Each structure stands twice: as structure tokens, then as C-alpha cells.
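The chain contents come next:
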Amino acid sequence: MDKDELIDNYLKGHLDKTEELSFLQKMEGDETLRKEVTLRKWVIEGINIAHEEDLKKKLTEFDKSIDAKRKRTQTWYIAACISAVVVTISMFLWSAKPNPKDFDITEIGLPVVMGVNDHVDFNNAMSAFKAGDYEKSSNLFEKLLIASPTNDTLLYFSAISFYRTDKVDFAIERFKKIDSGTYLEKARYRLAIAFWTQGGRDQAITLLKEISNNESSRLKNEADKVLEAMN
Amino acid sequence: MPRELNLENSAIIEAIKAGSEKILFQLYEAYRDEFVNWAVRNHKVSVEEAKDIFQEAMVGLYKNVKGGRVDSLTVTVKTYLFGIGKNNLLNLIKRKSIEQKVMAEFEAVPEYGIAKRYDEEHMVYLAKRIYRAIGSPCKEVLEMFYANGYDMESIALRLGYKNSDVAKKKKYECLKKLEERISVSELMKYQ
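Residues numbered from 1 in each chain as written. Chains lettered and ligands numbered in written order. Predicted model: local features only at pLDDT ≥ 70, side-chain atom pairs only at ≥ 80, totals over all residues.

Asker: Explain the overall build of chain B to me, and be specific about the residues and the numbers.
Answerer: In terms of regular secondary structure, chain B is built from 8 helices and 0 strands. In chain B, buried positions account for 28% of the 191 residues. Summarising the internal contacts of chain B: among those between residues at least 6 apart in sequence, 59% fall at separations of at least 24. (Helix = DSSP H or I, 4+ residues; strand = E, 2+ residues; numbered from the N terminus. Buried ≥ 20, exposed ≤ 12 C-beta atoms within 10 Å, placed from the backbone. Contact = placed C-beta atoms within 7 Å.)

Next up, the structure:
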């Protein structure tokens, strides 16, 4: 072990008893060595203090980073809460908006005549319609329309069945074909509702105003209510 | 809410001994709030003072582990850390109280004692200042050897020296450079 190493080991407390005693004896008679040891002690202390100060500085900076990190997390949390509130309010407003389907007036259907063979298919379609099975009724009315494509009763109930199964395009197509007969007025009203459902607001308003302006129309009140809701 | 550290005492002590600063930051983050809240509530110090004391407690823990004074603990590292923090806190309160009494209870210290202590502090301060200015790679070599306690082989590996002999030679040169500068500074004081 050279002198340099010996001094370090002495100051670090790494010498065993014998080595330490021998070193102390050596120091007693050697002033230069004593000075060297003192100087090394100051150097080591200075380095350690500098290192501790650096560590303290790093901890202070880390402390700030913890607070900044938590602040960021809080900001995100607040932003998330605000977003949730905004989404909830939007959903509420959206759900509060008038829904065209709320203006789909009741249609009780036609009586089913039992025991008449010619009307079996129609009866089945109407029974399905009355039972609320619009998927089935739309299929059955469509089959009947192949034989009677201009029959306004079949067109009307087929159109309602399509509308209620969200096939609004088909419903519009069939309502449009009704240009006379018992179902004309109701078909015009329902066509307006179907247009509105599809986003055809202007077309819907035009049709509804026609009904509303007709004082003798049985659907005048309904048309007025829809127009009011649309405004 | 900071996470509690699920580490054995021995693992923490070993990590500190190996020079890991990450473990110190983890300990700091895990226990800072609890210590600060306790100190502010029970001893009426400010949050900043409490944080400062806890940071010093962290340095104290580091120093004691590196100095070989904490090889094993009968309590958790957290309890040990809070113990150092509590002592530091009581010292601060005592200091504050002494400052308030100003010189009323001043105890005379022998003149030569003050002068000797002053000289020592001055020399350590000088060594620290020159060490800080010594530049690379001497600063790193000396820090690794004296402050981090790494052996020559480890220093050679970390700083890319060929072997431990090269690292040892470098450390010797850096040490001499530092000591010479301290001696020159001291001599200049008397010229």
C-alpha cells in the first residue's frame, strides 16, 4: 500500500488496529505526513460537503417537480371533470331536443276478417302490424304489394311498418305513392314526419304547413304541434 | 397520494450504498407529505422549513449509509428517516429559540477553540470551492472515489478507463492537483 492509499484508508477508517497504530506512530514523528493527512481530511470533507449540497439541491428540484407533476394531474382531473359535465349537459340537451318519432301518431290498423280465404295474407300482415311486429308486417305487406302495387291501404301500412323499423327511405318512397283516398291526409302527415326524421326539415315544414293551413284537416292540431316543436 | 415503498430495509441500504439516487427520490416522494404534515401540525414550522428539514434528513440518511454507520436497521428506513428529521426539527426550534434570546445565555468559548474551528471550516470551504472548479474528469473521479465510495475497478468501468490502474493514476493526479491549488491559495493569503 503506497502512502497515498494509506492516508485514504486511515481517514476512511479502513485500517486494522495494527496498521492504524503503526500509522499513528509514523505520523507522530513526521510533520510532513501530519500536514498531508490534515490536508487530505479537508479535501475529503470538502468533496463530501459539495456532494451533499448537490444532493440537497437535486432533492429541492425534485420536490418542485413532484408538486408540478401533481398540479398537472389535478389539472387533467379538473379537465376530465369539466369534459364529463359538458358531455352530460350535451346529452341532456340532445335528449331534450324534440324527436320526430314522438309525433308518430297512433294507428290502430284495420279489422281482421276471419274465414275469408282471399284475405288470409292481408290478415296475417295486419295481425303482425297490430301485434307490433313491424319487421314481419313490412315483409308481408311488401309481398301483397307485388300483386297490387298502387293499393293505398297496402302502401300506407307497409310505409308505417318500414318507418317503425327505421327503414325511413322505404317509408318515404311508399308514402309518396299515396296521392288519393282515405289515407291521403295521414300519409302526408307521416311523410312530413319521415322527412324530418331523415333531416329533410324544409320538406317536412312545407307539408306540415299545408295541413296546418287547411282548417278542415283532422290533423291540423297535430301539424301545429310538430311545427311548434320544430321551431 | 404517493405510493408506500414496498422494499426491504436491506434493499434500500444496498441501493444507497451502490450510489443510487433514484431510491432517494423514491423515499422522498413516498414520505415527504407525511413528514411535512406532521412537522407543520405539531411544531408550527412552515411547509418550506419542514421540506428543507426533510431534505436534510434524506442527506443525513445518505451520509450515514455511505459512511458505514447504517449497515442494518432494527427499525424501518421510514422510522429512521423520520428520526433524523425529528432531530433536525428540534435543532431548528432550539436555534430559533436561542436566536430569540440573542446573547443572554451566551456561553463563552475559549478564544483558541473558535480560531481553530474557524481555520478548519475555512480550509474545508476552500477545498470544496476548488473541488467544484476543478473540472472534468477530476471532479467525477474524486466524487466517485470519496463521495460515492466506488472502488477503482468500478470507476474505470464508469469513466471508460482501460483498467483500475489507469483510474488509480488519474485519481492520484487529480488529488495532487486539488491539494496543490489549496496550498497555493493558502500561501497567497499571506503574501
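Asker: Explain the overall build of chain A residue by residue, including any values.
Answerer: The secondary structure content of chain A amounts to 10 helices and 0 strands. Each helix and strand of chain A, ordered N terminal to C terminal, gives the series α-α-α-α-α-α-α-α-α-α. Per-residue burial for chain A yields a buried fraction of 25% across its 231 residues. A fraction of 35% describes how many contacts in chain A between residues 6 or more apart in sequence connect residues 24 or more apart.

Asker: So what's going on with the environment of A:Leu184? Residues and values would help.
Answerer: Relative to the helices and strands, A:Leu184 resides in helix 8 (residues 184-197). For the pair A:Leu184 and A:Tyr156, spaced 28 residues apart in sequence, the C-alpha separation works out to 8.9 Å.

Asker: Break down the interface of chain A and chain B for me, with residues and values.
Answerer: You'll often see interface size given as the accessible area lost when the parts meet. The interface of chain A with chain B comprises 21 residues on the first partner and 25 residues on the second. Along the lines of polarity and charge, the residues of the side of chain A that touches chain B split into 11 nonpolar, 4 polar and 6 charged. (Nonpolar A, V, L, I, M, F, W, Y, C, P; charged D, E, K, R; others polar.)

Asker: Pulling in residues and values, what's your account of the confidence of the model for chain A?
Answerer: For chain A, the mean per-residue pLDDT works out to 89, and 97% of the residues sit at or above 70. Put simply, helix 3 (residues 31-96) of chain A is where chain A has its lowest mean pLDDT, 87, and helix 6 (residues 152-164) of chain A is where it has its highest, 94. (pLDDT = per-residue confidence, 0-100.)

Asker: Give me helix 8 of chain A: which residues, what numbers.
Answerer: Residue and element names in this part refer to chain A. Here helix 8 contains 14 residues, and its C-alpha end-to-end distance of 20 Å stays within 8% of the 20 Å for a straight helix at 1.5 Å per residue. Judged by how many residues are buried, helix 8 sits mostly within the fold: 10 of 14 residues are covered. Among all positions of helix 8, only Ala187, Arg188, Tyr189, Arg190, Leu191, Ala192, Ile193, Ala194, Phe195 and Trp196 are buried. Looking at the packing, one finds that the buried side of helix 8 touches helix 6, helix 7 (168-177), helix 9 (201-213) and helix 10 (220-230). Count one or two residues on from helix 8 and you reach Gly199, which has phi positive near 95 degrees. (Expected span 1.5 Å × (residues − 1).)

Asker: An account of the packing of helix 6 (residues 138-147) of chain B against helix 7 (residues 152-159) of chain B is needed here, citing residue identities and associated values.
Answerer: Residues and elements named next belong to chain B. Viewed as axis vectors pointing N to C, helix 6 and helix 7 meet at an angle of 145 degrees, and their least axial separation amounts to 10 Å. Relative to helix 7, helix 6 is oriented so that their crossing is right-handed. Where helix 6 abuts helix 7, its residues Glu140, Val141, Met144 and Phe145 lie against Ile155, Arg158 and Leu159. Looking at the contact of helix 6 with helix 7 residue by residue, the classes come out as 5 nonpolar, no polar and 2 charged. (Axes fitted to C-alpha atoms, helices over the stretch in contact; angles between N-to-C directions. Left-handed = near helix turned anticlockwise from the far one by under 90°.)

Asker: Please set out unusual backbone geometry residue by residue, giving values where relevant.
Answerer: What is expected of a backbone is that most residues other than glycine have negative phi and most peptide bonds are trans. Along the chain, B:Ser136 connects to B:Pro137 via a cis peptide bond; the corresponding omega equals 0 degrees. Summarising the element assignment, B:Pro137 is placed in the loop between helix 5 (111-133) and helix 6. In this model, A:Asp166 sits at a positive phi of 65 degrees, which is unusual for a non-glycine residue. For A:Asp166, the location among the structural elements is in the loop between helix 6 and helix 7.

Asker: Now, about helix 1 (residues 9-17) of chain B: what can you tell me, with residues and values included?
Answerer: Residue and element names in this part refer to chain B. Ile12, Ile13 and Ile16 are the residues of helix 1 that are buried. Each buried residue of helix 1 sits inside an arc of 95 degrees when the element is viewed along its axis, so together they form one side. The first or second residue beyond helix 1 is Gly19, which carries a positive phi of 90 degrees. (Arc of directions from axis to C-beta.)

Asker: Let's hear about the nonpolar core: which residues, and what values?
Answerer: Within the largest apolar cluster, 37 residues are counted, with the highest numbers of intra-cluster contacts made by A:Ala159, A:Ala171, A:Phe175, A:Leu191, A:Ala192 and A:Ala194. Secondary structure elements with two or more residues in this core: helix 4 (120-130), helix 5 (134-147), helix 6, helix 7, helix 8, helix 9 and helix 10 of chain A. Judged by nonpolar contacts, the second largest core, of 26 residues, contains B:Ile12, B:Ile13, B:Tyr62 and B:Phe82. (Core = buried A, V, L, I, M, F, W, Y, C linked by C-beta atoms within 7 Å.)

Asker: Hey, could you go over the environment of A:Asn123 for me, with residue numbers and the actual values?
Answerer: Along the chain, A:Asn123 turns up in helix 4. Judged by local crowding, A:Asn123 falls into the partly exposed class, with 18 C-beta atoms found within 10 Å.

Asker: An account of the environment of A:Leu191 is requested, with residue identities and associated values reported.
Answerer: Residues and elements named next belong to chain A. As for its position among the elements, Leu191 is in helix 8. Assessed through the 23 C-beta atoms surrounding it within 10 Å, Leu191 is described here as buried. Between the alpha carbons of Leu191 and Ala204 there is a distance of 7.5 Å; along the sequence they are 13 residues apart. Non-local contacts of Leu191, meaning those with residues more than four positions away in its chain, are made with Ile172, Phe175, Lys176 and Leu207.

Asker: Account for the packing of helix 7 of chain A against helix 8 of chain A, naming residues and giving values.
Answerer: When two helices pack together, their arrangement is given by the angle between the helix axes and the distance between those axes. Residues and elements named next belong to chain A. Contact geometry of helix 7 with helix 8 gives a least axis separation of 9 Å together with a crossing angle of 150 degrees. When the axes of helix 7 and helix 8 are compared, the pair comes out roughly antiparallel. Where helix 7 crosses over helix 8, the handedness of that crossing is left-handed. On the side of helix 7, the interface is formed by Val168, Ala171, Ile172, Phe175 and Lys176, while helix 8 contributes Ala187, Arg190, Leu191, Ala194, Phe195 and Thr197. (Parallel < 35°, antiparallel > 145°, perpendicular 65-115°, else oblique.)

Asker: Describe the confidence of the model for chain B, with residues and values.
Answerer: Low pLDDT means the predicted atomic positions in that stretch should not be read closely. Residues and elements named next belong to chain B. A residue-level look at chain B finds 83% of positions with pLDDT of 70 or above and a mean pLDDT of 83. At the low end of the mean pLDDT range in chain B sits helix 5, at 80; at the high end sits helix 7, at 93. For this predicted complex, the interface confidence comes out at an ipTM of 0.79, alongside a pTM of 0.57.

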